[in-house]
Amino acid sequence: MKRMLELLGDGRFHSGEEIGAALGVSRSAVWKCLKQLEARYGIQLFKVQGRGYRLADPVSLLDQDRITSMADRLGWSLWIRDTVDSTNADALRLLQGGANAPFLVLAEHQTSGRGRRGRIWVSPPAQNIYYTLALKISTGSQGLTGLSLVVGLAVLEALRRTGVEKAGLKWPNDIYADGAKVAGILLELTGDPADICHVVIGIGINVNMTSSAGGIDQPWTSIKRQIGSLVDRSELINILSESLHQYLAIHAREGFGALRDEWQRNNMWQGRRCTLSAGNLQVKGVMIGINEQGALRLMTDDHKEQCFSGGELSLRVEHDS
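The following refers to the structure shown. Just so you know, these numbers come straight off a predicted model, no measurement behind them.

1. Remarks on the packing of helix α6 (residues 147-161) against helix α8 (residues 233-254)
Part 1: Axis separation between α6 and α8 bottoms out at 8 Å; the angle between their running directions is 140°. Where α6 crosses over α8, the handedness of that crossing is right-handed. Only L236, I239, L240, E242, S243, L244, Q246, Y247, L248 and H251 of α8 make contact with α6, whose side of the interface consists of L147, V150, V151, L153, A154, V155, E157, A158 and R161.

Following this line, the structure appears as structure tokens:
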């Protein structure tokens, strides 16, 4: 299937005979494979008699050689999957099987991508980035303090280097551009967080997606929508890995305090009225930043400052009427 996408990825027409010769299969087998691309992966194809087949839009496939070269420089092992349930789940299975961190898991396609609070992460094939970095944390809670916010800074830098200028951070784990979500982060732990544990850092970035085919219940955008051109996903992965490596090194060496001011400078909801939800509980107030541990600071309507942290919290801005 990946070889088929590689052939069609240039967006030009290719005849069934040409595709069959390249893959070493019959024209009828080519037809079945093309139908599977449409039915299983939702990839739109154009067929023109006398010219052949092409994708509705060009795609950028993951280049294993280029990504491996960067991972080797950073000292990370690498797994690239064609299809996986989720890169986080795959990383957790690898850890359970004895794989040594740090390592990186990437996928062309996720069948059960997930975000925070049990939400589905829409994961069409060959369009976005599905990325998980597994780390070993040996410094207890200090090594985890503010970690998701630090990852957000790394993602933000990678997006800006790719040309997404109007991007900002939303506490605790999202990156927005022009008021719509472009990337999200999901951290999961295994082991004892007070002692030695592993953390898998899941990052999803909407890259070349222009239509979600349903399943997204909030405003969203993609890098392609923002900059108007196809993005080389392998290049973006390498930019992200380099940025993540640098920010994680600062966090490990100096702690979250060294990056707190930078996060607050990029907080797009600073000074805005927000509603914080935790189950059935709702708290309204003005966001005044984050504290030294990365917890949300909210000046509530009764003029008291309260701090909140936790993976099950949801923050929504109150739009001006």
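Once you've had a look at it, read on.
2. Comments concerning unusual backbone geometry
Across residues other than glycine, the phi torsion is negative in most instances, and most of the peptide bonds are trans.
Part 1: Following A101, the chain continues into P102 via a peptide bond in cis, with omega recorded as 5°.
Part 2: Here the bond from W171 into P172 is cis, since omega is 0°, no more than 30 degrees from zero.
Part 3: With respect to the element layout, P172 can be found in the loop between β6 (167-170) and β7 (174-177).
Part 4: Notably, A126 is not glycine yet its phi reads approximately 60°, a positive angle.
Part 5: By secondary structure assignment, the location of A126 is in the loop between β4 (103-110) and β5 (129-137).
Part 6: Relative accessible area serves as the criterion here: at 3%, A126 is assigned to the buried category.

3. Digging into the pattern of salt bridges
Part 1: Inspection of every chain in the model, using the stated rule, returns 15 salt bridges.
Part 2: With a closest N to O distance of 2.4 Å, R233 and E108 form a salt bridge. One end of the pair, R233, is in helix α8; the other, E108, is in strand β4, with 125 residues separating them in the sequence.
Part 3: Using a relative accessible area of 0% as the deciding quantity, one classes R233 as buried.
Part 4: Given the relative accessible area of 6%, E108 is considered buried.
Part 5: Members of the salt-bridge network, linked through shared partners, are R81, D85, D90 and R93.

4. A look at the nonpolar core
Part 1: By size, the foremost hydrophobic cluster in this structure holds 64 residues, and its most contacted members are Y131, V155, W171, I175, I203 and I205.
Part 2: It is α6 that provides the largest number of residues to this core, a total of 10 residues.
Part 3: Those residues in contact with V155, other than ones at most four positions away along the chain, are I175, A183, I185, I203, I205 and L240.
Part 4: Membership of the second largest hydrophobic core comes to 16 residues, among which are I19, L34, V59 and A126.

5. Some details on the sheet that holds β4
Part 1: Pairing within the open sheet is mixed, and its 7 strands lie in the order β3-β4-β5-β9-β8-β7-β6. Sheet topology places β3 (77-84) and β6 at the edges, where each strand pairs with a single neighbour. When strand polarity is set aside, the average angle formed by the axes of neighbouring strands in this sheet is 20°.
Part 2: Where β6 lies against β7, 4 bridges are found, and the strand directions are antiparallel. Across the sheet, K170 pairs through a bridge with D174, a residue of β7.
Part 3: Across the sheet, helix α4 (residues 64-74) lies against β3 and β4, angled at about 145° from β3, the strand it touches most.
Part 4: Across the sheet, α6 lies against β6, β7, β8 (180-191) and β9 (197-205), angled at about 140° from β8, the strand it touches most.

Calculation criteria
Residues numbered from 1 in each chain as written. Predicted model: local features only at pLDDT ≥ 70, side-chain atom pairs only at ≥ 80, totals over all residues. Heavy atoms only, no water. Axes fitted to C-alpha atoms, helices over the stretch in contact; angles between N-to-C directions. Helix = DSSP H or I, 4+ residues; strand = E, 2+ residues; numbered from the N terminus. Left-handed = near helix turned anticlockwise from the far one by under 90°. Contact = heavy atoms within 4.5 Å. Buried < 20%, exposed > 50% of the residue type's maximum accessible area, 1.4 Å probe, protein only. Salt bridge = Lys/Arg side-chain N within 4 Å of Asp/Glu carboxyl O. Core = buried A, V, L, I, M, F, W, Y, C linked by side-chain atoms within 4.5 Å. Pairing = 2+ DSSP bridges.

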